[in-house]
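Geometric and topological summary
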Amino acid sequence: MNKIRHENMNIFCTKKAQLFAYYIFINLLSGCGIINSHEQGSPNSKYASDSKWQPYDGMQLVQETDYLTIPFMPITSSETKNSIKIADNFSASTIYYSQFDAQVVSIAANALAKDIETVTGSKAQVLTTKPHNKNAIIIGTIGDNPLIDELIASNKLDVSTISGKWEAYFAKVVQNPFKDVDQALVIAGSDRRGTAYGVFALSEAIGISPWHFWGDVPTTKKTALYVAGQYIQRSPGIKYRGIFINDEDWGLLPWASKTFEPEIGNIGPKTYASVYELLLRLHANMIWPGMHEFPRETTPFYLMPGNKEMADKYAIIISTSHHEPMLTNSHEFKNDEHGEYNYWTNQSTIYKLWENRVKETAPYENIYTIGMRGRTDVGMLAPEGTTEQGKAKKIQHDIIPDQRKMISEHVHHNPKEIPQIFIPYKETLVQYQSGLELPDDVIIVWPDDNHGYIRQLSTPEEQKRSGGSGVYYHLSYWGVPASYLWFNSTPPGMTYAEMIKAWDFNANKMWIVNVGDIKPHEFGTEFFLRMARNPEAFRNFDQHKYFSQWAERTFGQEYAKDIANVMQSYFSLNIVKRPEHMHTSGSNTFSMIAKGDEAMQRLNKFEKTTELANQIYQRLAKTYKSSFYQMVLYPIRATYLINKKELLAERSRLWAKQERAATHILAEQAREAHNDLMDENKFYNEINSDGKWKYMISPMPVTDLPKWAYETQNPWRMPEVGSYQAQTKGQLLVAIEGNAAPLEQGKTGLLPLFNKIADTHCFIDVFNKGIQPIHWSATANKSWVKLSQTNGQNDNRIIVSIDWELAPSGKDIPAKITISDKNSEYDITLNIFNPTNVVTNNLKIAVENKNVVEIEAENYISQTDGENGTYWYQLNSAAASKHAMTTQPFTVASFDVTQLKNQSPSLSYQFYTVSTGKIKIHTHALPTHKLTSEHQGVRYAISLNGENPQIIDLYAKEYSTSWTVNTLRAVSIGISEHQINQAGIQDIKVWMVDPGVVLDKFILNLEQSISPTIHH
């Protein structure tokens, strides 16, 4: 009974097996839509939800030391004990699967054969007959592959750990599995995707990158591949994991329609097949397809023949975004044809549109988005005067019941068995908060605020819902207050900080991420999906370590450390102000006259990082260059050039106001940076990878867009530059740090205080107002005043510093600098603070410099845990400035503000001042939102030198002015006012009030009032 002995014929040969095969065949036909089971009676989709699903199926959550651990047995290049040869340079083991298994198994089997050939040069046969080779690779789904079922029945394969589970797999080398077969590598999946994941894990283990197509990551050739032992992969942490292709008209659509799939002229099944394979290789399972109608129109997914069938072949679940209910794309509804998209006035037409789509998609695996928004991603149409509460009632009592009726009539008689999502996005969140009640089984997918900060998570009561919750996250966005469509600029540390919080609030049913055009968001896409597999493995996330491991896996070990440094710098620079936002003014501009010329320091960092990336590119083996350019070099070069053109253009405007004769030179440098940026785009599209990605970076002329869409093209537009018509006669002008206007003749300038403890430096700009050259000199009246340059011609920057070994001791010692040419003279005074025997206690303190003190949040001197197990915890690279501090666990209640000193966890900091008087502490934090609807705010408490704590709330209502400012600078700032009575060491203490506060740094601004006494 346990063995079928016919060797060269189909394994289904007995009458019983033939009947079983017929039964499977009929079900497959039904699943493919050839036979509609719904016509046989009450609908009963074979993709009904497994209500018993739990993350990890109850297994212990293990934190990995290697974030990129391949979920498979190690592959060796030489034979080991009990190992099986997968392939060498001469031959490869035959791959076997069942023709009655899911189509994705056939796809995976053939992909594996191709991958083995890529690595070894040997082509593996792929067969559906019974094995008769010495070595075999058998892949299949438990219950759908008779070979695997026979091994289970004969106790040669124990799959009890994965049987009946969600997307799990078991791999094992089995000795003597069948007659005439010595060894078999068996990959058994608990379901069709589990099988596919196991096969693609093997592909990754032999050296095929998930990004071999989408990132052109090369494969290292190997002489042989062996494997031994076994591996168990249980269910992933998040049930539904996927991507949203959005705003694809800027890249993916032009590329697909003109380069990859021109025969379709749009995004069609060939393009989607490549995306689906990428998702499987990343162990993802769902997609929200592209859906744009402007400025280029993507053919709606279900109107493109072959799209849904291709998804079914690859076992990819289709769902749709927050304004695409019941799998209908927003621009399938035409107002001139269907009337108004208004459920009050046009219910029957809208119902029919939705119902027809439900009928069409019923045989496939889908997740239905329920509820309703406006057709063009705006609030739903309603009769004039309808409140949000009124809209909520309409959704609850009419729209959702109608949608679930369609599911019960055409998909499954019990709609609770078919996954549905509700996305409280923008105004829909207001409706939900206004009393909208959802069916208990519906998954609430909480969105972020479009800029990476989750808007709200489930309360303890909401967590009791059987549907559970998930998160819709953005790495790309088109909308207010400013779009970021082109580059992947959200640091993985910041994404981690938000998503681990979601995990802790049991948002584990769905994680979906908006990745724009996929490219150039390769890095962020993979990070998000890897974390979704096993969030707990990232519990103590180290961003630089992740960069290093990713670089080593992708480009080899030799330059992994340098590449990690490039990535670290790239994200830290771009999150402070995203490249798409560099044209905007406001609170997150970079000063050119203060802070030591903040703008120039930024450009210098960009230049240094870009130069390192260029050096790596030159040294890398040729096989890596294309991939490195796409995923590392182009992003850093392009964002550097955007910063360069914008900041140089802005500086040229400043120079024009200062009347510098060299203004035109700076303006020309800005234009050159713009032209270089356009050249980089051309290289990316037409030269790199031999033009494979042509049109993927597709800026549009603003003449093709309405004014409201101009801002999407700001990275590619040339900014306004300064213009100044220089006089003929040369004329010396001087501008000092902290002042935009040049010094007036006869008026003395004053530099900020020079503090020995901070080793203060300041700059003085010397420049020519005219065309004829000038020759200037600079002298100081004290020998301990150091000038970087004492004479020169035309424009120069003098850096002023102090030789503290020669300088006299004291607190307010003056000196003077004179800058002159034959026609004019300028005097600039300065004072130094050079105390003796200053006590700093050798602590990790910050020091006043130019009336400012900066303290990174992670540089605390002590911490105290709270009474209820709460404590402060460092989030690695999670903030705009280095690391961040937050409290754990996220799920605890807020503290009573009257009991903070006794109960709340606290952090203590110290800093040193030379001034007394009023001080403002600007506490920088991530612009996070209230964790749940039950939380009062995003509050912390702060005190200086033992005073009573001040309670500060960082919460900014979405779309408010404060929120707009905060999202653009990736910082929310709480301001508290204090008094310093005595100079010297000062103490700050910060307490937790609400969980979810993520501290970045403290910037302390002091009034310029030198203390009469110095604390020794």
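Since we're looking at a predicted model, the values are computed, not measured.

**As for the overall build of the protein chain**
The secondary structure content of the protein chain amounts to 20 helices and 39 strands. Taking 1016 residues into account, the globule formula puts the C-alpha radius of gyration at 31 Å, and the protein chain, at 32 Å, falls close to it. A principal-axis box enclosing the C-alpha atoms of the protein chain has dimensions of 110 × 70 × 60 Å. Looking at the 1016 residues of the protein chain, the share that counts as buried comes to 60%. In the protein chain, once contacts between residues fewer than 6 apart in sequence are set aside, the share between residues at least 24 apart is 77%. Across the protein chain, the mean location of the 98 positive side-chain charges is 2 Å away from that of the 109 negative side-chain charges.

**What to know about helix 20 (residues 961–969)**
Residues spaced three or four apart along an α-helix face the same direction, because each turn holds 3.6 residues. Within the sequence span of helix 20, burial applies to Trp-963, Asn-966, Thr-967, Leu-968 and Arg-969. Looking at the buried positions of helix 20, the neighbouring elements they touch are helix 15 (560–576) and strand 37 (972–980). Of the residues one or two after helix 20, Ala-970 is the one with positive phi, at around 60°.

**Some points on the side chain of Glu-355**
On the secondary structure map, Glu-355 appears in helix 9 (residues 347–361). Buried Glu-355, no salt bridge; nearest opposite-charge side chain is Lys-359, N-O distance 4.6 Å.

**Digging into the side chain of Glu-332**
Position of Glu-332 relative to the elements: it lies in the loop between strand 12 (317–318) and helix 8 (335–338). At 2.8 Å, the side chain of Glu-332 and the backbone nitrogen of Asn-329 are in polar contact. In contact with Glu-332, other than residues within four places in its own chain, are Pro-300, Leu-303, Leu-327, His-338 and Arg-357.

**Points about the pattern of salt bridges**
With the rule as written, the count across this model stands at 41 salt bridges. With a shortest N-O distance of 3.2 Å, Asp-88 and Lys-85 are connected by a salt bridge. Each of the two residues, Asp-88 as well as Lys-85, counts as buried. Here Arg-530 and Glu-526 are joined by a salt bridge, their closest N and O atoms 2.7 Å apart. Placement of both Arg-530 and Glu-526 in helix 13 (residues 522–533) is noted, with a separation of four residues, approximately one turn of the helix. Summarising the burial analysis for this pair, Arg-530 and Glu-526 share the class buried. Residues participating in the shared-partner salt-bridge network are Glu-167, Arg-192, Arg-193, Arg-241, Asp-312 and Glu-365.

**Remarks on the packing of helix 15 against helix 16 (residues 598–619)**
Each packed pair of helices is defined by two parameters, the angle between the axes and the distance between the axes. Two elements in contact, helix 15 and helix 16, have axes separated by 10 Å at closest approach and are oriented at 150°. Comparing the axis directions of helix 15 and helix 16 gives the class roughly antiparallel. Taken as a pair, helix 15 and helix 16 cross one another with a handedness that is left-handed. In contact with Asp-562, Ile-563, Asn-565, Val-566, Ser-569, Leu-573, Asn-574 and Val-576 of helix 15, helix 16 contributes Arg-602, Lys-605, Phe-606, Thr-609, Leu-612, Ala-613 and Ile-616. Residue composition of the contact of helix 15 with helix 16, by class: eight nonpolar, four polar and three charged.

**Brief notes about the sheet that holds strand 9 (residues 230–233)**
One open sheet accounts for six strands, arranged 4-3-5-7-6-9; its pairing is mixed. Each having just a single partner strand, strand 4 (126–127) and strand 9 make up the two edges of the open sheet. The pairing of strand 6 (residues 169–178) with strand 7 (residues 181–189) spans eight bridges and is antiparallel. Its bridge partner being in strand 7, Phe-178 is matched across the sheet by Val-181. Packing of helix 2 (residues 103–120) onto the sheet brings it into contact with strand 3 (94–96), strand 4 and strand 5 (135–141), and relative to strand 5 it is tilted by some 150°.

Conventions and cut-offs
Residues numbered from 1 in each chain as written. Predicted model: local features only at pLDDT ≥ 70, side-chain atom pairs only at ≥ 80, totals over all residues. Heavy atoms only, no water. Helix = DSSP H or I, 4+ residues; strand = E, 2+ residues; numbered from the N terminus. Rg over C-alpha atoms; globule rule 2.2 N^0.38 Å. Buried < 20%, exposed > 50% of the residue type's maximum accessible area, 1.4 Å probe, protein only. Contact = heavy atoms within 4.5 Å. Lys, Arg positive; Asp, Glu negative; His and termini not counted. Charge placed at Lys NZ, Arg CZ, Asp CG, Glu CD. Salt bridge = Lys/Arg side-chain N within 4 Å of Asp/Glu carboxyl O. Polar contact = N/O pair within 3.5 Å; in protein donor to acceptor, adjacent residues only side chain to side chain. Axes fitted to C-alpha atoms, helices over the stretch in contact; angles between N-to-C directions. Parallel < 35°, antiparallel > 145°, perpendicular 65-115°, else oblique. Left-handed = near helix turned anticlockwise from the far one by under 90°. Nonpolar A, V, L, I, M, F, W, Y, C, P; charged D, E, K, R; others polar. Pairing = 2+ DSSP bridges.

Geometric descriptors of this kind do not, in isolation, establish any biological role.
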